Every structure is written in structure tokens, then in C-alpha cells.
Amino acid sequence: MRLRPAFLLALLLGTPLGACRDYQYQGHVSDQAGLIPGDQYARYGREQAIVVAIGREFARPYNSGPEAQADIAITYARNTFSSDITEISADPLGHRLVVTFKSGWRTAIVPIADGKTGEETKIPS
């Protein structure tokens, strides 16, 4: 059996398409497998508990797109933790928020989809 040149050309041109990566990052970023559970991380200190609370609000399904989800999480953080946070910014396409605390600690927050809300997180004083 002899393959035709047009078929071989189509096969060679189509092969790299199977190697293209998926650009849907949310599942990769927000996957909590292998990480410390949110409740345990929140016990490490006040700032860590705030990170967990914001991450939980960031993961809530608002069905309005990643930009609106980031805006809602930022609004929650500013309204609830304004005395602890100096700066907060969003990267909705990367599914993360960057928060700077008054202590100088800067961290990235990803969605924490563990079925809890930010209000359910125990924040130490």
C-alpha cells in the first residue's frame, strides 16, 4: 500500500496540533490536591486566615466570568479586611489575586473551592 503525498503532507501538518496545550488554567490553579487544607492553613495566623477567607470568596460560583469573580473577591477583601490589607490586585485570566498586608507580606491567592465561604473562616484576632 502506497500513501499519497497529499495524505502525508496533511498528516505532517496535522500532527503538531495534537501537542497544543489547553489554555483553561482555572482547574490547574485552583486544584487543592496535595495542599494543606484551608482550615489548617488558617490556623497558622491572622494573615493566613485572611488569605483563606479571600480565596474561598474568590472560588464562589457567581456565574459572571472571571473578571466579575475577581472584583467580588476584591470588594469582599477591602470591605472586610481593610485594616490588614494595604494593596490588592487581580489577574483574572491567571485566576489569582495578589495581596500586600500591612506587615509587608505579599502573597498570591488562588480560588479555594472547598465548599465554604469566607465568613465561615475563623479569623484570629
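Just so it is clear, the structure is predicted and the values come from calculations on it, not from any experiment. Position numbers for residues start from 1 in each chain and track the written sequence from start to end. Local features are withheld for residues below a pLDDT of 70 in this predicted model, meaning they are given only at 70 or higher, and side-chain atom pairs are given and counted only at 80 or more; totals for whole chains, interfaces and linings count all residues. The basis for every side-chain value is the complete set of non-hydrogen atoms in the structure, without hydrogens or water.

Participant: Could you clarify how one ought to interpret the pairing of strand 3 (residues 106-109) in this entry?
Facilitator: For a regular strand, side-chain orientation follows a simple rule: the groups alternate between the two sheet faces. Judged by which residues are buried, strand 3 turns out to be one-sided: Thr107 and Ile109 face inward and are buried, whereas Arg106 and Ala108, on the alternate face, are not. Strands are treated as partners if at least two bridges between them are detected by DSSP. Only runs of H or I of at least four residues qualify as helices and only runs of E of at least two qualify as strands under DSSP, and these elements are numbered from the N terminus. By the bridge criterion, four bridges tie strand 2 (residues 96-101) to strand 3 in an arrangement that is antiparallel. Residue pairing for strand 3: valine 99 is matched across the bridge by threonine 107. The turn linking strand 2 back onto strand 3 is made up of four residues, and glycine 104 within it adopts a positive phi angle of 105°. The buried label goes to any residue with under 20% of its type's maximum accessible area, the exposed label to any with over 50%, and the partly exposed label to all in between, with areas taken from a 1.4 Å probe on protein chains only.

Participant: For this particular structure, what's the right way to read a nonpolar patch on the surface?
Facilitator: To count toward a patch, a residue needs a relative accessible area above 30% and no salt bridge. Like charges then connect within 9 Å, nonpolar side chains (Val, Leu, Ile, Met, Phe, Trp, Tyr) within 5 Å. We get accessible surface area from the Shrake-Rupley algorithm with a probe of 1.4 Å; when it comes to residues, only the shown protein chains can shield them. Criterion for a salt bridge: a side-chain nitrogen of Lys or Arg within 4 Å of a carboxyl oxygen of Asp or Glu. A cluster of nonpolar side chains, namely Phe7, Leu8 and Leu11, defines an oily patch on the protein surface of about 280 Å² accessible area. With respect to the helices, strands and loops of the structure, phenylalanine 7 is situated in helix 1 (residues 5-14). What makes phenylalanine 7 partly exposed here is its relative accessible area of 46%.

Participant: Explanation requested: the sheet that holds strand 1 (residues 85-91) in the structure shown.
Facilitator: Sheet strands pair by backbone hydrogen bonding; their relative direction is either parallel or antiparallel. Taking strand neighbours across the sheet as the criterion, the three strands line up as 1-2-3 in an open arrangement whose pairing is antiparallel. Looking at which strands have only one partner, the edges of the open sheet turn out to be strand 1 and strand 3. Across this sheet, the average inter-strand angle for adjacent strands is 20°, counted without regard to direction. Pairing of strand 1 with strand 2 involves six bridges; the strand directions are antiparallel. Its bridge partner lying in strand 2, serine 89 is registered against valine 98. Lying over the sheet, helix 4 (residues 46-59) contacts strand 1, strand 2 and strand 3, oriented at roughly 155° with respect to strand 2. Axis lines are fitted to C-alpha atoms, over the contacting stretch for helices. Their N-to-C directions set the angle, which ranges from 0 to 180 degrees. Throughout, a contact is declared for two residues whenever any of their heavy atoms are within 4.5 Å.

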